[in-house]
Amino acid sequence: MTQHQRRIKFIDPSLQGKLMAALVLLESLMVILAMIYLYWRFSALIEERMFSIHVAAQDSFLQLLLLELVWVVVFMSGINFVALLIANGLWGRNIGRIISAFRIRLFRMGRLDVSASQLPAAPDHEVLQHLDGWRRREEKKMRQIKALSQRIMKDDPEAEAQLNQLLSDS
């Protein structure tokens with residue numbers, strides 16, 4: 001990778017950190033609850049089998065234990081699926097807010113409106129910070145061009161050279 005090659009960042013630390021913490025907490029809580037439930041159910045099944053004299057041959061003890069384990073896995077998978085839907089919704093809403101602010105700024109800049117007036121509030125994101133920095137630089141450059149153009153209209157010979165210099169640097 002060269003020094004000036006663009007690096008793609010897919011990370012939004014503020015939101016992803018909260019989602020990761022919530023995921024770890026949810027998974028830890030689910031495992032603890034699953035272990036408590038399985039301990040309780042396995043103890044009940046063992047005690048039920050321990051004191052029974054006649055056990056039907058078709059009722060496999062291993063089958064009963066595996067059935068309880070399958071129910072726990074299905075329940076945990078359901079909770080994980082719901083958690084994924086919630087995280088996807090939160091993530092999508094966050095990305096939507098960033099993209100919306102980005103589009104508004106680009107649309108205004110496309111109309112050569114580089115002023116900061118009437119810009120809607122935007123989330124604090126690195127991409128928007130870069131875009132706003134570029135917009136500020138372009139706004140400064142437009143003011144300089146306007147001032148130099150006015151000086152050229154007054155027949156200032158240095159202004160034309162400065163304007164050409166400013167435009168060639170862009």
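K.L.:
Any chance you could explain the overall build of the protein here in plain terms?
P.N.:
Looking only at helices and strands, the protein has four helices and zero strands in total. Counted from the first residue to the last, the protein has its helices and strands arranged as α-α-α-α. Counting across all 170 residues of the protein, residues that qualify as buried make up 17%. Across the protein, contacts joining residues at least 24 apart in sequence account for 53% of those joining residues at least 6 apart.

K.L.:
Sorry, what's going on with the packing of helix H3 (residues 126-153) against helix H4 (residues 157-169) here?
P.N.:
Packed helices, taken two at a time, are described by the angle their axes make and the gap between the axes. Between H3 and H4, the shortest axis-to-axis distance is 8 Å and the interhelical angle comes to 155°. The pairing of H3 with H4 is recorded here as roughly antiparallel in orientation. Pair H3 / H4 crosses with left-handed handedness. Contacts from Lys 141, Gln 144, Ile 145, Leu 148, Arg 151 and Ile 152 in H3 reach Glu 158, Ala 159, Glu 160, Gln 162, Leu 163, Leu 166 and Leu 167 in H4. When grouped by side-chain class, the residues that make up the contact of H3 with H4 number seven nonpolar, two polar and four charged.

K.L.:
For this particular structure, what's the right way to read H4?
P.N.:
Residues separated by three or four positions in an α-helix point in the same direction, a consequence of the helix having 3.6 residues per turn. Its 13 residues place the ends of H4 19 Å apart at the C-alpha level, agreeing with the 18 Å of an ideal helix rising 1.5 Å per residue. Residues Ala 159, Leu 163 and Leu 166 constitute the buried set of H4. Buried residues of H4 fall within an arc of 65° about the axis and therefore sit on the same side. Turned more than 90 degrees away from the buried face of H4, the exposed residues are Pro 157, Glu 158, Ser 168 and Asp 169. Each element contacted by the buried residues of H4 is listed here: H3.

K.L.:
Explanation requested: the environment of Ala 147 in the structure shown.
P.N.:
Residue position: Ala 147 is located in helix H3. For Ala 147, a relative accessible area of 37% gives the class partly exposed. Each C-alpha atom, one on Ala 147 and one on Ala 159, is 8.9 Å from the other, the two residues being 12 residues apart in sequence.

K.L.:
Sorry, what's going on with the packing of aromatic side chains here?
P.N.:
Here a ring pair, both rings aromatic, is described through the centre-centre distance and the interplanar angle of the planes. Tallied over the full model, the rule gives one aromatic pair. Residues Tyr 37 and Trp 40 carry aromatic rings whose centres are separated by 6.0 Å and whose planes lie at 50° to one another, so their mutual orientation is tilted. A residue pair is termed a helical-turn pair when its members lie 3 or 4 positions apart in one helix, as Tyr 37 and Trp 40 do in helix H1 (residues 13-50) at three residues. Given the relative accessible area of 54%, Trp 40 is considered exposed.

K.L.:
Is there a simple way to explain the layout of surface pockets in this structure?
P.N.:
In this approach a probe as big as a water molecule rolls over the atoms, and the regions it shows empty are the leftover space. Within this model, the second largest pocket holds a volume of roughly 250 Å³. Surrounding the second largest pocket, Gln 16, Leu 19, Met 20, Ala 22, Leu 23, Leu 26, Asn 80, Ala 83, Leu 84, Ile 86, Ala 87 and Leu 90 form its lining. Within the residue set of the lining of the second largest pocket, elements represented by two or more residues are H1 and helix H2 (61-110). When its residues are assigned to classes, the lining of the second largest pocket shows 10 nonpolar, two polar and no charged.

Definitions and cut-offs
- Residues numbered from 1 in each chain as written.
- Predicted model: local features only at pLDDT ≥ 70, side-chain atom pairs only at ≥ 80, totals over all residues.
- Heavy atoms only, no water.
- Helix = DSSP H or I, 4+ residues; strand = E, 2+ residues; numbered from the N terminus.
- Buried < 20%, exposed > 50% of the residue type's maximum accessible area, 1.4 Å probe, protein only.
- Contact = heavy atoms within 4.5 Å.
- Axes fitted to C-alpha atoms, helices over the stretch in contact; angles between N-to-C directions.
- Parallel < 35°, antiparallel > 145°, perpendicular 65-115°, else oblique.
- Left-handed = near helix turned anticlockwise from the far one by under 90°.
- Nonpolar A, V, L, I, M, F, W, Y, C, P; charged D, E, K, R; others polar.
- Expected span 1.5 Å × (residues − 1).
- Arc of directions from axis to C-beta.
- Phe/Tyr/Trp six-rings, centres within 6.5 Å; stacked < 30°, edge-to-face > 60°.
- 1 Å grid on protein atoms, 1.4 Å probe; cavity = no way out; pocket = protein on both sides within 12 Å on 5 of 7 lines; lining within 4 Å.
- Points joined across faces, edges and corners; volume = space filled by probe spheres on them.

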